[in-house]
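# Notes for the structure review
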Amino acid sequence: MTAALPIPTIELTSGAQIPQLGFGCFLVPPGDTERIVSEALEVGYRHIDTAAIYGNEAEVGAAIARSGIPREELFITTKLWNDRQRDARAALSESLDKLGLDRVDLYLVHWPVPSQDTYVTAWEQVLDLREAGLTVDAGVSNHEIEHLERIIEATGEFPAVNQIELHPEHQRQQLTAFCRANGIEIEAWGPLAQGKSDLLTQPSLLEVAAAHGKTVAQVVLRWHIENGTIIFPKTSSRARLIENADLFDFELTETEHAFVTALESGTNYGPDPREFGAK
């Protein structure tokens with residue numbers, strides 16, 4: 001069994017330590033999931049992010065079981081899908097069965113779906129699951145400031161994390177400032193803009209990458225790390241797994257960091273959380 005990679009951790013509200021770099025299973029086909037998660041664990045990743053809607057929790061569980069890694073060394077996240085927001089206990093029970101676990105480290109309300117108006121109920125139920133020991137920490141995903149304010153007002157409880165689309169072209173500065181002011185850690189999905197932009201061919205970033213003997217993807221991921229963001233880039237390649245984790249032997253200068261930050265354009269490539277799930 002390969003030793004864990006030397007990845008920094010961030011302390012969540014429970015005192016649990018979440019590795020700042022993990023492996024994300026979004027859009028990983030179930031047929032590929034067990035192999036690539038097994039390879040991630042072999043390489044030294046210990047943080048795996050999946051969700052009920054991804055349809056690959058059972059394969060993630062098979063990879064975990066096969067790894068032989070002690071449970072306490074792993075950080076596993078899954079998420080509550082939109083049609084189960086009134087039924088979170090049963091939904092998490094199903095996820096745990098598929099994962100082969102008796103608890104997850106983090107359980108997230110996947111989307112607020114304002115048109116459905118059950119995200120406060122969902123948050124209350126996820127808090128109950130935390131109290132029952134079925135998840136160590138409770139959090140949300142894709143929640144805007146108005147959604148966060150409403151669930152906090154209703155319960156007095158702050159999410160441990162908010163997982164949002166975040167990359168150099170879509171930095172969500174107002175939302176991230178609100179979260180950090182309230183002790184809510186930021187997780188970025190699509191940290192490389194999902195390959196849907198020219199981010200990785202930007203001339204300024206090509207120069208930074210050449211100066212450090214790194215790829216542009218590594219420069220962008222390093223920028224996230226230096227911002228204190230939790231990231232889990234997706235890949236189906238073992239070589240890219242290794243590349244994505246090779247971030248801790250260099251630092252960006254203040255000027256180089258600013259080059260990445262200057263790419264803000266407000267361009268998002270995922271759904272609008274205020275509209276997603278509307279019927």
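The structure under discussion appears in the preceding block.
Basis of the calculations
Residues numbered from 1 in each chain as written. Predicted model: local features only at pLDDT ≥ 70, side-chain atom pairs only at ≥ 80, totals over all residues. Heavy atoms only, no water. Helix = DSSP H or I, 4+ residues; strand = E, 2+ residues; numbered from the N terminus. Buried < 20%, exposed > 50% of the residue type's maximum accessible area, 1.4 Å probe, protein only. Contact = heavy atoms within 4.5 Å. Areas by Shrake-Rupley, 256 points an atom, 1.4 Å probe, with all protein chains shown as cover. Lys, Arg positive; Asp, Glu negative; His and termini not counted. Charge placed at Lys NZ, Arg CZ, Asp CG, Glu CD. Axes fitted to C-alpha atoms, helices over the stretch in contact; angles between N-to-C directions. Left-handed = near helix turned anticlockwise from the far one by under 90°. Nonpolar A, V, L, I, M, F, W, Y, C, P; charged D, E, K, R; others polar. 1 Å grid on protein atoms, 1.4 Å probe; cavity = no way out; pocket = protein on both sides within 12 Å on 5 of 7 lines; lining within 4 Å. Points joined across faces, edges and corners; volume = space filled by probe spheres on them. Phe/Tyr/Trp six-rings, centres within 6.5 Å; stacked < 30°, edge-to-face > 60°. Parallel < 35°, antiparallel > 145°, perpendicular 65-115°, else oblique. Expected span 1.5 Å × (residues − 1). Salt bridge = Lys/Arg side-chain N within 4 Å of Asp/Glu carboxyl O.

### Points about the overall build of the protein chain
Looking only at helices and strands, the protein chain has ten helices and ten strands in total. If one aligns the C-alpha atoms of the protein chain with their principal axes, the spans along those axes are about 50 × 45 × 35 Å. Relative to its 279 residues, the protein chain shows a buried fraction of 53%. Long-range contacts, defined here as pairs at least 24 residues apart, represent 74% of the contacts in the protein chain between residues at least 6 apart. As displayed, the protein chain offers around 11,500 Å² of accessible surface, 49% of which is attributable to carbon and sulfur atoms. The centroid of the 22 positive side-chain charges in the protein chain is displaced by 5 Å from the centroid of its 42 negative side-chain charges.

### A few points about the environment of Ala-51
Among the structural elements, Ala-51 can be located in the loop between strand E4 (47-49) and helix H2 (57-67). Owing to a relative accessible area of 0%, Ala-51 belongs among the buried residues under this scheme. Sequence spacing of Ala-51 and Thr-77 is 26 residues, and the spatial spacing of their C-alpha atoms is 7.5 Å. Not counting residues up to four positions away in its chain, the partners in contact with Ala-51 are Asn-56, Glu-57, Thr-78, Lys-79 and His-110.

### Overview of the packing of helix H7 (residues 203-212) against helix H10 (residues 254-261)
The interhelical angle for the contact between H7 and H10, taken along N-to-C directions, is 145°, at an axis separation of 9 Å. As for the relative orientation of H7 and H10, their crossing is left-handed in sense. Mapping the contact onto sequence places Ser-204, Leu-205, Val-208, Ala-211 and His-212 in H7 and Glu-256, Phe-259 and Val-260 in H10. When its residues are assigned to classes, the contact of H7 with H10 shows five nonpolar, two polar and one charged.

### Some points on the layout of surface pockets
Of the volumes computed, that of the largest pocket is approximately 720 Å³. Along the walls of the largest pocket sit 33 residues, with Phe-26, Trp-189, Gly-190, Gln-194 and Lys-234 positioned nearest its centre. Among the elements of the structure, strand E9 (185-189) and helix H9 (238-245) are those that each provide at least two residues to the lining of the largest pocket. Here the lining of the largest pocket is composed, by residue class, of 19 nonpolar, ten polar and four charged. In terms of lining residues, the second largest pocket is bounded by 15 residues, among which Glu-144, His-170, Arg-172, Pro-271 and Pro-273 are the most central. Class assignment for the residues of the lining of the second largest pocket results in five nonpolar, five polar and five charged.

### Looking at the packing of aromatic side chains
Tallied over the full model, the rule gives three aromatic pairs. For the pair Trp-111 and Phe-276, a centre-to-centre distance of 4.2 Å together with 35° between the ring planes defines the contact as tilted. One end of the pair, Trp-111, is in the loop between strand E6 (104-109) and helix H4 (119-131); the other, Phe-276, is in the segment after H10, with 165 residues separating them in the sequence. For Trp-111, a relative accessible area of 6% gives the class buried. In this structure an aromatic cluster arises from ring pairing among Trp-81, Trp-111 and Phe-276.

### Details of the packing of helix H8 (residues 216-226) against H10
To describe two helices that pack against each other, one gives the angle between their axes and the distance between the axes. Contact pair H8 / H10: the axes reach a minimum separation of 10 Å and the direction vectors enclose 105°. As far as their axial angle goes, H10 and H8 are roughly perpendicular. Contacts between H8 and H10 involve Val-219, Trp-223 and Glu-226 on the former and, on the latter, His-257, Val-260 and Thr-261.

### A word on helix H1 (residues 30-43)
End to end, H1 covers 20 Å across 14 residues, agreeing with the expected 20 Å (1.5 Å per residue, within 8%). Looking one or two places after H1, you find Gly-44, whose phi comes out positive at around 130°.

### As for the pattern of salt bridges
Under the criterion given, the structure shown has 18 salt bridges. Linking Arg-130 and Glu-131 is a salt bridge whose minimum nitrogen-to-oxygen distance equals 3.2 Å. In this structure, Asp-246 engages Lys-214 in a salt bridge whose closest nitrogen and oxygen atoms are separated by 3.1 Å. Here Lys-214 lies in the loop between H7 and H8 and Asp-246 lies in the loop between H9 and H10, a separation of 32 residues in the sequence. By relative accessible area, which is 34% here, Asp-246 ends up partly exposed.

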